[in-house]
Amino acid sequence: MFAMVWRMAKRGQLILIIAVSIAILLSAFGLPVTAYGSQNSGQSSPAGYVKYTLDLLNNTLINGNFVNTHNAMKPYGIAYDPSNGYIYVTDSGSDSVSVINGATNTVIANITVGSRPLGVAYDPSNGYIYVANWGSDTVSVINGKTNTVIANITVGPYPVGVAYDPSNGYIYVTNSGAGTVSVDTVSVINGTTVIATIPVGTWPQGIAYDSSNGYIYVANTFSGTVSVIDGTTVIANITVGSMPVGVAYDPSNGYIYVTTPVSDTVSVINGATNTVIATIPVGSAAWGVAYDPSNGYIYVADTGSNSVLVIDGTTVIANITVGSMPAGVAYDPSNGYIYVTNYGSGTVSIISTSVSTNSTSPSVVPTWAVVVVVVVVVLIVALLMIKHRKP
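Residues numbered from 1 in each chain as written. Predicted model: local features only at pLDDT ≥ 70, side-chain atom pairs only at ≥ 80, totals over all residues. Heavy atoms only, no water.

A. Examining the overall build of the protein chain more closely. Summing up its helical and strand segments, the protein chain has two helices and 29 strands in all. For the protein chain, the residues scored as buried account for 52% of the 391 residues in total. Within the protein chain, contacts between residues at least 6 apart in sequence are counted, and of these 42% link residues at least 24 apart. Carbon and sulfur atoms make up 58% of the accessible area of the protein chain, which totals about 16700 Å². (Helix = DSSP H or I, 4+ residues; strand = E, 2+ residues; numbered from the N terminus. Buried < 20%, exposed > 50% of the residue type's maximum accessible area, 1.4 Å probe, protein only. Contact = heavy atoms within 4.5 Å. Areas by Shrake-Rupley, 256 points an atom, 1.4 Å probe, with all protein chains shown as cover.)

B. How the structure looks around the sheet that holds strand β19 (residues 247-250). Ordered in space as β19-β20-β21-β22, the four strands form an open sheet in which the pairing is antiparallel. Of all strands in the sheet, those with a lone pairing partner are β19 and β22 (275-281), marking the two edges. Ignoring strand direction, the axes of neighbouring strands in this sheet form an average angle of 25°. Pairing between β19 and strand β20 (residues 255-260): four bridges, direction antiparallel. In the strand pairing of β20, A248 is matched with Y257. (Pairing = 2+ DSSP bridges. Axes fitted to C-alpha atoms, helices over the stretch in contact; angles between N-to-C directions.)

C. Inspection of the sheet that holds strand β4 (residues 86-91) at higher detail. The four strands are arranged β3-β4-β5-β6 in an open sheet whose pairing can be described as antiparallel. Edge positions in the sheet fall to β3 (75-81) and β6 (106-112), since each has one partner strand and no second. For this sheet, the mean inter-axis angle between neighbouring strands, taken without regard to orientation, is 25°. As paired elements, β4 and strand β5 (residues 96-101) share six bridges and run antiparallel to each other. Following the sheet pairing, D91 is matched in β5 by S96.

D. Quick peek at the side chain of T174. Structurally, T174 can be placed in strand β12 (residues 170-175). Residue T174 is classed as buried on the basis of its relative accessible area of 0%. Within polar-contact distance, the side chain of T174 engages the backbone oxygen of Q205 at 2.7 Å. Residues contacting T174, with those up to four places away along its chain left out, are Y158, P159, V160, G161, T185, V186, P204, Q205, G206, I207 and V218. (Polar contact = N/O pair within 3.5 Å; in protein donor to acceptor, adjacent residues only side chain to side chain.)

E. Representation of the confidence of the model for the protein chain. Confidence in the prediction for the protein chain averages 84 pLDDT; 77% of positions are at 70 or higher. In this model residues 356-378 is a low-confidence stretch, pLDDT under 50, and it forms 23 contacts with partners more than four residues away in sequence or in other chains. (pLDDT = per-residue confidence, 0-100.)

F. View of the environment of L54. Relative to the helices and strands, L54 is located in strand β1 (residues 49-55). Linking L54 and I350, residues 296 residues apart in sequence, is a C-alpha distance of 7.6 Å. Excluding anything up to four places from it in sequence, L54 contacts N59, T60, L61, I100, N105, T106, V107, G346, T347 and V348.

G. Structural detail: the pairing of strand β14 (residues 193-199). Summarising the sheet, strand β13 (residues 185-190) and β14 pair through six bridges and their orientation is antiparallel. The residue of β14 that forms the bridge with V186 is I198. Hairpin connection, β13 to β14: the antiparallel pair is bridged by two residues, and G191 has positive phi, about 75°.

H. Inspection of the nonpolar core at higher detail. Counting residues in hydrophobic clusters, the biggest one holds 16 residues, and the most contacted among them are Y299, V308, V310, I320, V329, I338 and I351. Secondary structure elements with two or more residues in this core: β24 (297-302), β25 (307-312), β26 (315-321), β27 (326-332) and β28 (337-342). Among the elements that make up this core, the one with the highest residue count is β24 (three residues). Leaving out residues up to four positions away in the same chain, V310 has contacts with A47, Y297, I298, Y299, T315, V316, I317, A318 and I320. Counting residues in hydrophobic clusters, the runner-up holds 15 residues, among them Y52, M73, A330 and I350. (Core = buried A, V, L, I, M, F, W, Y, C linked by side-chain atoms within 4.5 Å.)

I. Highlighting the environment of G206. By the element assignment, G206 lies in strand β15 (residues 204-210). For G206, a relative accessible area of 13% corresponds to the buried category. Along the primary structure G206 and A248 are separated by 42 residues, whereas in three dimensions their C-alpha atoms are 8.6 Å apart.

J. A look at the environment of Y215. Mapped onto the elements, Y215 comes out in strand β16 (residues 215-220). Considered as a pair, Y215 and I235 are 20 residues apart in the sequence and their alpha carbons are 9.3 Å apart. When sequence neighbours within four positions are dropped, the list of residues in contact with Y215 reads A208, Y209, D210, V228, I229, D230, I235 and N274.

K. Structural detail: the pairing of β20. Counting buried residues in β20 gives five out of six residues, a clear majority hidden from the surface. Here β20 runs beside strand β21 (residues 265-270); their pairing, made up of six bridges, is antiparallel. When the sheet's bridge partners are listed, Y257 is paired in β21 with V268. Two successive antiparallel strands, β20 and β21, enclose a turn made up of four residues, where D264 displays a positive phi of approximately 55°.

L. Local environment of unusual backbone geometry. Not every positive phi belongs to a glycine, and D264 is a case in point at roughly 55°. You can see D264 is positioned in the loop between β20 and β21. When its relative accessible area of 29% is taken as the criterion, D264 is described as partly exposed. One non-glycine residue, N306, lies in the positive phi region at around 55°. Its location among the elements puts N306 in the loop between β24 and β25.

Spelled out as structure tokens, the structure:
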């Protein structure tokens, strides 16, 4: 019995020696001991992958996709300022705006605004950032040069969406009101002054400008329609999917993309005719939407599936996993990244649309390294066997 145990122990030592030898050799040649791939999935997809995750609460940049536990920041809206290269994120849970430097992807400032900030947009005519404060019925105006609030403008009840119209220099703000037509409006701001109030459909939220025709498109959530505004006049109401929320314009084809989360679709409007030309099935509760001019794709934050869907024309071509409850989407042309606010996890997912040379597959060991490992292992086994046979 003792001899058997001794032989088993020797075999165990032999196995251990072989394993350690292989590990040492692989490490010495710079080869991975484990076969784990990169934590960044989908790096070979031209639609993109999550390169970084920015934790807004701790201002920590994490490689790859990281789903944080829920925190109080609740980031929602997002906009890019080309004059300084900064990204502005509305933190609805902390009544503030996080300012991200796109060069370092870190928060460089936190600006206190009104209650429950949601929508945000940049005005290139004056360099200001306009923030819709849902809880205080105001719009905070931030000077991008100093990152300070220079004005608070009273608008309609429960403002949500913000958009800039370069044809007239006005800012348009959707006021979601109380879900009644009598108070559901769009406020038109010139600089820091409200110059008009436009009645639209019920519970307006998302809003976007179409540069091909000069119209403003407003998603009326409870009406199931999109109002088309020319200046200060509604010229059309387009029926779309159930409860539209997000709106974005694609200049490459002249289409307006409208997310309809209850229908789990995206309605595509032809701006030339103001008619729906396609309905794209997507995931669960599609919300924010943005256009990427570098590849011509539309990026849709799918809140229900914690992912971003990528649309080419009228076809979904990719699904990118992000944080919890993604809401807003914006493109940064200075670095080519797509930024996604994750309302449920207090983070911003940073998507790279450049194809990475890294692979998620296990590394392939070169043939010469395998030969060296086999030779060394055989020598070790032979030496041990010779030693064991000696009296």
